[in-house]
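Understanding the architecture of this molecule
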Amino acid sequence: MAHYIPQGFRFASLYSGIKQDTSRSDMTLIVSDVDAVGAGVYTQNLVCAAPVVLDRSRTPGSHFRSIFAISGNANACTGERGYRDAVRMAELAGEVLGTPAESTLVLSTGIIGHFLPMETIEKGCREIVPHLASDETALDGVARGLMTTDTVPKCFTKKVLIDGVEITLAGLAKGSGMIAPNMATFLGVVLTDAKLNPAAAQKLLQNVADKTLNCVTVEGHTSTNDTLLMLGNGLSGSADVTENPAFVAAVEEICEAMARSIASDGEGASHLVTIHVHGTKTVSDARKIAREIAESALVKCAFTGNDPNWGRIVSAAGYAGVAFDVAQVSLDVNGFRLFEKGSPVAFDAAEVSRSMRENREITVDLRLGEGTEEIRFWTCDLTTEYVHINADYHT
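Residues numbered from 1 in each chain as written. Predicted model: local features only at pLDDT ≥ 70, side-chain atom pairs only at ≥ 80, totals over all residues. Heavy atoms only, no water.

For the rest of this paragraph, the subject is the pattern of salt bridges. Applying the stated criterion across every chain, the model contains 17 salt bridges. Arg88 is the salt-bridge partner of Glu122, the closest N and O atoms lying 3.8 Å from each other. One end of the pair, Glu122, is in helix 3 (residues 118-128); the other, Arg88, is in helix 2 (residues 79-97), with 34 residues separating them in the sequence. Since its relative accessible area comes to 29%, Glu122 is described here as partly exposed. (Salt bridge = Lys/Arg side-chain N within 4 Å of Asp/Glu carboxyl O. Helix = DSSP H or I, 4+ residues; strand = E, 2+ residues; numbered from the N terminus. Buried < 20%, exposed > 50% of the residue type's maximum accessible area, 1.4 Å probe, protein only.)

Dropping the structure here:
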């Protein structure tokens, strides 16, 4: 699929020596040719990585020129030294680009509790600049350079016409494990050549994250490094579109694509599962119920085995801590009605199972009553491959 490149952004990636696998890039650099407005949403884990602390202190703002990222080392639980190393990463990017150190945001992902190999990072930073380019190959390279246990790169782009001006957006993400919704569940960047307002961009990013990336869970583990950044450099020539409905919808579309791709790429996953809970009194109620279903090991195992075990889904909703009338509950899986108005209905289990087996995506539609609120949540199934990946990840 062809990708669009926002005006005034350049990209580079290379293997620097951080990862053991020499065939995979582990360092990436994103550069805006002019100052860009930036916003960020971060993990709510109290044990957060040094880059999160640094970026959180800098966003929102209007003077950003680059994002410098490494994969293979999280720089998390590394104390004061880890924070100094994150600051030094920003300084290095500024030195090679000729920009202020505070105009760089940094990202890192990988194993927790290891100090950064700063000599390796400094050498790589000085080598990466000549690779900067503004084409699709360079953009794809950055998406691949962010990957750790991901099996596919995650890159999504879109054009939108607002008041006669064509605006381009690009979204880059990594994430497949250690995923739970408490923002941001991953590393991600949204880039646009639209003109943005810092405070409004921060509010927009948080609102969009709550509807998309905070509605993803693989196993319920909130990472130490979760970060979602957005940069807008205004080079499209647009007016301030931060609160324009068409622009908001475009950002949401990019972030939803990221969310779905992360759940689909859950470590060892064979199914992407979309859980639609509706009919609740509040969005918070819908979120609680959807998350309980999505994180139930029994429910996830049923999806792995293509088993339309509606009892596991309904019972997971029941212990979410949300009051509802069981007599009003109805459940569909892949469009097949399995449970209605509090009672099971006759259905062809073999047919439903075949539908689950033959489709990468499973849809769960749970109605709890006549309330007007709803939410969509994304997860994946739980396979033996997930256990192997995470049992062998460190040792």
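One pass over the structure, following the stated rule, counts one cavity of 30 Å³ or more. Considered as a void within the structure, the largest cavity measures approximately 50 Å³ in volume. Together, Val299, Ala302, Phe303, Asp307, Pro308, Asn309, Trp310, Ile313, Val333, Leu338 and Met356 line the largest cavity. Going through the elements one at a time, helix 8 (297-304) and helix 9 (310-318) are the ones with two or more residues in the lining of the largest cavity. In terms of residue count, the dominant contributor to the lining of the largest cavity is helix 8 (three residues). (1 Å grid on protein atoms, 1.4 Å probe; cavity = no way out; pocket = protein on both sides within 12 Å on 5 of 7 lines; lining within 4 Å. Points joined across faces, edges and corners; volume = space filled by probe spheres on them.)

Regions with low pLDDT carry predicted coordinates that are not meant to be interpreted in detail. On average, residues of the protein score 89 in pLDDT, and 91% of them are at 70 or above. The low-confidence segment residues 179-185 (pLDDT under 50) makes 48 contacts with residues lying over four places distant or belonging to another chain. (pLDDT = per-residue confidence, 0-100. Contact = heavy atoms within 4.5 Å.)

Residues of helix 3 that are buried include every one of Met118, Ile121, Gly124, Cys125 and Ile128, and no others. Taken down its axis, helix 3 places every buried residue within 125° of arc, on the same side. Looking at helix 3, the residues exposed on the side facing more than 90 degrees away from the buried face are Glu119 and Lys123. Elements that come into contact with the buried residues of helix 3 comprise strand 1 (9-14), strand 2 (27-42), strand 3 (61-73) and helix 2. (Arc of directions from axis to C-beta.)

We now examine the packing of helix 5 (residues 198-211) against helix 6 (residues 245-264). One way to put it is that helix 5 packs onto helix 6 with a least axis distance of 10 Å and a crossing angle of 45°. Taken as axis vectors, helix 5 and helix 6 run oblique relative to one another. The two elements helix 5 and helix 6 meet at a crossing, and its hand is right-handed. Listed contacts from helix 6 to Leu204, Val208 and Lys211 of helix 5 are Phe247, Val248, Val251, Glu252 and Cys255. Broken down by class, the residue content of the contact of helix 5 with helix 6 amounts to six nonpolar, no polar and two charged. (Axes fitted to C-alpha atoms, helices over the stretch in contact; angles between N-to-C directions. Parallel < 35°, antiparallel > 145°, perpendicular 65-115°, else oblique. Left-handed = near helix turned anticlockwise from the far one by under 90°. Nonpolar A, V, L, I, M, F, W, Y, C, P; charged D, E, K, R; others polar.)

What follows concerns the environment of Ala143. Its location among the elements puts Ala143 in helix 4 (residues 136-145). Distance in space between the C-alpha atoms of Ala143 and Pro198 is 25 Å, their sequence separation being 55 residues. Aside from chain neighbours lying at most four places away, what touches Ala143 is Pro153, Lys154, Cys155 and Leu172.

A word on the packing of aromatic side chains. Enumeration over the complete set of coordinates arrives at one aromatic pair. One residue, Arg81, lies across the ring of Phe115, its end atom 4.0 Å from the ring centre. (Phe/Tyr/Trp six-rings, centres within 6.5 Å; stacked < 30°, edge-to-face > 60°. Lys NZ or Arg CZ within 6 Å of the ring centre and 35° of its normal.)

Core analysis: the biggest nonpolar cluster contains 64 residues, and Ile167, Phe247, Ile275, Ile289, Ile293 and Leu366 have the highest contact counts within it. When residues of this core are assigned to their parent elements, the largest contribution, nine residues, is made by helix 6. If near-sequence neighbours (up to four positions away) are discounted, Phe247 is found in contact with Ile162, Ile167, Leu169, Thr192, Ala194, Leu196, Leu204, Val241 and Thr242. Of all hydrophobic cores here, the second largest spans 23 residues; its members include Ile30, Leu105, Val142 and Leu172. (Core = buried A, V, L, I, M, F, W, Y, C linked by side-chain atoms within 4.5 Å.)

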